[in-house]
Amino acid sequence: MSHVDESHLLIDTFLDALWLERGASDHTLTAYRHDLVAWVMRLEETGGTLLSPGDATLPAWLDERRTAGYRLRSNARLLSSLRSFYRWALAESRTDRDPLAEVRLPRVRPNLPDTLEEAEVERLLAAPDLATDLGLRDRAMLEVLYGCGLRVSELVGLSVEAVNLRQGVVRVRGKGDKDRLVPLGEEAVHWLSRYLRTARGALMADVTRPALFPGRGDGCLTRQAFWHRIKAHARTAGITRPLSPHTLRHAFATHLLNHGANLRVVQLLLGHSDLSTTQIYTHVAQARLEALHADHHPRG
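Numbering of residues starts from 1 in every chain and runs along the sequence as written. Predicted model: local features are reported for residues with pLDDT of at least 70 only, side-chain atom pairs are reported and counted for 80 or more only, and whole-chain, interface and lining totals are derived from all residues. Side-chain metrics rest on all non-hydrogen atoms present in the structure, leaving aside hydrogens and water.

## Describing the packing of helix 2 (residues 26–46) against helix 3 (residues 57–67)
Okay, step 1: Between N-to-C directions, angles span 0 to 180 degrees; the directions come from axes that are lines fitted to C-alpha atoms, helices contributing only their stretch in contact. Elements are defined by DSSP. Helices are runs of H or I of four residues or more, strands are runs of E of two residues or more, and each kind is numbered from the N terminus. Two elements in contact, helix 2 and helix 3, have axes separated by 11 Å at closest approach and are oriented at 110 degrees. Taken together, the axis directions place helix 2 and helix 3 in an arrangement best described as roughly perpendicular. By crossing handedness, the relation of helix 2 to helix 3 is classed as right-handed. Here helix 2 contributes Ala 38, Trp 39, Arg 42, Leu 43 and Thr 46 to the contact with helix 3, which in turn contributes Thr 57, Leu 58, Ala 60, Trp 61 and Glu 64.
Okay, step 2: Each residue receives one of three labels: charged for Asp, Glu, Lys and Arg, nonpolar for Ala, Val, Leu, Ile, Met, Phe, Trp, Tyr, Cys and Pro, and polar for the others, Gly being one of them. Residues belonging to the contact of helix 2 with helix 3 are distributed by class as follows: six nonpolar, two polar and two charged. Comment on the angle field: the value is read as roughly parallel under 35 degrees, roughly antiparallel over 145, roughly perpendicular from 65 to 115, and oblique elsewhere. Two helices crossing with the near one rotated counterclockwise from the far one by less than a right angle form a left-handed crossing, whereas a clockwise rotation gives a right-handed crossing. Throughout, a residue-residue contact means that at least one pair of heavy atoms, one from each residue, lies within 4.5 Å.

In structure tokens:
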């Protein structure tokens, strides 16, 4: 059996262990296999093997990849795959040294989520035609989406009973069927009250149905239908940057932090179980501060 065949068998064994012990997804396993096979092909060129690659091989390969235009994130993922493999090989006594022990992982800034400036949000919220029942519904939905930082799936799933206008809160069912209470804010309360007094009844054949924001057949509006409405309103508002279904949720979190909100509070409002998930927004806020400094500071 050739060294390459032995390497491929070793990779299969490692991936099987990764699946059994960590429950790794097919996507993760495919990414690991891609990186490890590329490494084996490189080693075949240099005369090394998977378990004895040679000290200079990896740094030289990383330099070549950078010169060839591979992004920092791509090399970071490659090193992460190799590091996982060699740690497993050490633990399984298949090798007695980790060739990546002295190699530092590149520091990669996280992908910043799409968001909007506050002025853009104001234009988007004002875009629906308030002379129509659908426009009033959409204005109320946008105000709740932005004012509460909800996921679109959480928004369209709201029932009338979930809203308490007197106390100014909404009960939201998030991921894992976990409920949380989120303050509505004055604007959301105002537009919800107006919508419930007038437009909702006109949009429904049976007002006793539970959907707060009805679509066809008095059921809840679908995520796809509401996303289509958001894109239409964005065009009306003259917003040309790419949007995602989470754009207003990202804007909610970023604007709160920009105005001095505590990260832990933002975590609770968003319904994140892990604070590290919320910390991405500190990078967004920091990026905004850096841009302001560069644009307006005399030493920027």
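Still more to cover.
## Some points on empty space enclosed by the protein
Okay, step 1: Using protein atoms alone on a 1 Å grid, points that fit a 1.4 Å probe yet trap it form a cavity, whereas open point sets bounded by protein on both sides within 12 Å along at least five of seven lines form a pocket; residues with an atom within 4 Å of a point count as lining. Grid points are joined across faces, edges and corners, and a volume is the space filled by probe spheres set on the points. The tally for this structure, following the rule as stated, stands at two cavities of 30 Å³ or more.
Okay, step 2: A volume near 40 Å³ is recorded for the largest cavity.
Okay, step 3: Lining the largest cavity we find Leu 124, Trp 227, Ile 230, Leu 243, Ser 244, Pro 245, Thr 247 and Leu 248.
Okay, step 4: Within the residue set of the lining of the largest cavity, elements represented by two or more residues are helix 9 (223–236) and helix 10 (247–258).

## As for helix 2
Okay, step 1: To estimate the expected span of a helix, subtract one from its residue number and multiply by 1.5 Å. Taking 1.5 Å of rise per residue, the 21 residues of helix 2 would be expected to cover 30 Å, and the 30 Å separating its terminal C-alpha atoms lies within 8% of that figure.
Okay, step 2: Phi for Gly 47, located one or two positions after helix 2, is positive at around 85 degrees.

## Here's the deal with the packing of aromatic side chains
Okay, step 1: In this analysis, rings of Phe, Tyr and Trp, with Trp reduced to its six-membered ring, are considered paired at centre separations within 6.5 Å, and the interplanar angle assigns stacked below 30 degrees, edge-to-face beyond 60, and tilted for intermediate values. Enumeration over the complete set of coordinates arrives at seven aromatic pairs.
Okay, step 2: Judged by centre distance (5.5 Å) and plane angle (55 degrees), the rings of Phe 14 and Trp 88 are tilted. One end of the pair, Phe 14, is in helix 1 (residues 3–22); the other, Trp 88, is in helix 4 (residues 72–91), and 74 residues separate them in sequence.
Okay, step 3: Type-normalised accessible area, obtained with a 1.4 Å probe on protein chains alone, sets the label of each residue: buried when under 20%, exposed when over 50%, and partly exposed for intermediate values. A relative accessible area of 10% means that Trp 88 is categorised as buried.
Okay, step 4: Ring plane angle 20 degrees and centroid distance 5.4 Å describe the contact between Trp 39 and Trp 61, whose orientation is recorded as stacked.

## Quick notes on the pattern of salt bridges
Okay, step 1: The working definition used for a salt bridge is a side-chain nitrogen of Lys or Arg within 4 Å of a carboxyl oxygen of Asp or Glu. Applying the stated criterion across every chain yields a total of eleven salt bridges.
Okay, step 2: Two residues, Asp 35 and Arg 77, come together in a salt bridge whose shortest N-O distance is 2.7 Å. Of the two residues, Asp 35 is situated in helix 2 and Arg 77 in helix 4; the sequence distance between them amounts to 42 residues.
Okay, step 3: A relative accessible area of 40% places Arg 77 in the partly exposed class.
Okay, step 4: Glu 45 is the partner of Arg 42 in a salt bridge, and the nearest nitrogen-oxygen pair spans 3.5 Å. With a gap of three residues between them, Arg 42 and Glu 45 both fall in helix 2, about one helical turn apart.
Okay, step 5: With relative accessibility at 13%, the residue Arg 42 sits in the buried group.
Okay, step 6: Its relative accessible area of 62% is what places Glu 45 among the exposed residues.
Okay, step 7: Linked by salt bridges that have partners in common, Arg 42, Glu 45 and Glu 64 make up one network.

## Observations regarding the nonpolar core
Okay, step 1: Definition used in this section: a nonpolar core is a set of buried Ala, Val, Leu, Ile, Met, Phe, Trp, Tyr and Cys residues joined via side-chain atoms within 4.5 Å. Membership of the largest hydrophobic core comes to 48 residues, with the highest contact counts inside it found for Val 144, Phe 213 and Phe 226.
Okay, step 2: Mapped onto this core, the elements with two or more residues apiece are helix 5 (118–125), helix 6 (133–148), helix 7 (152–156), strand 2 (169–173), helix 8 (186–203), helix 9, helix 10 and helix 11 (263–270).
Okay, step 3: Of the residues forming this core, the biggest block, eight residues, is contributed by helix 6.
Okay, step 4: Apart from residues lying up to four places away in sequence, Phe 226 is in contact with Met 141, Leu 142, Leu 145, Val 152, Leu 155, Val 156 and Leu 221.
Okay, step 5: Core analysis: the next-biggest nonpolar cluster, separate from the first, contains 25 residues, Leu 10, Leu 50, Trp 61 and Phe 85 among them.

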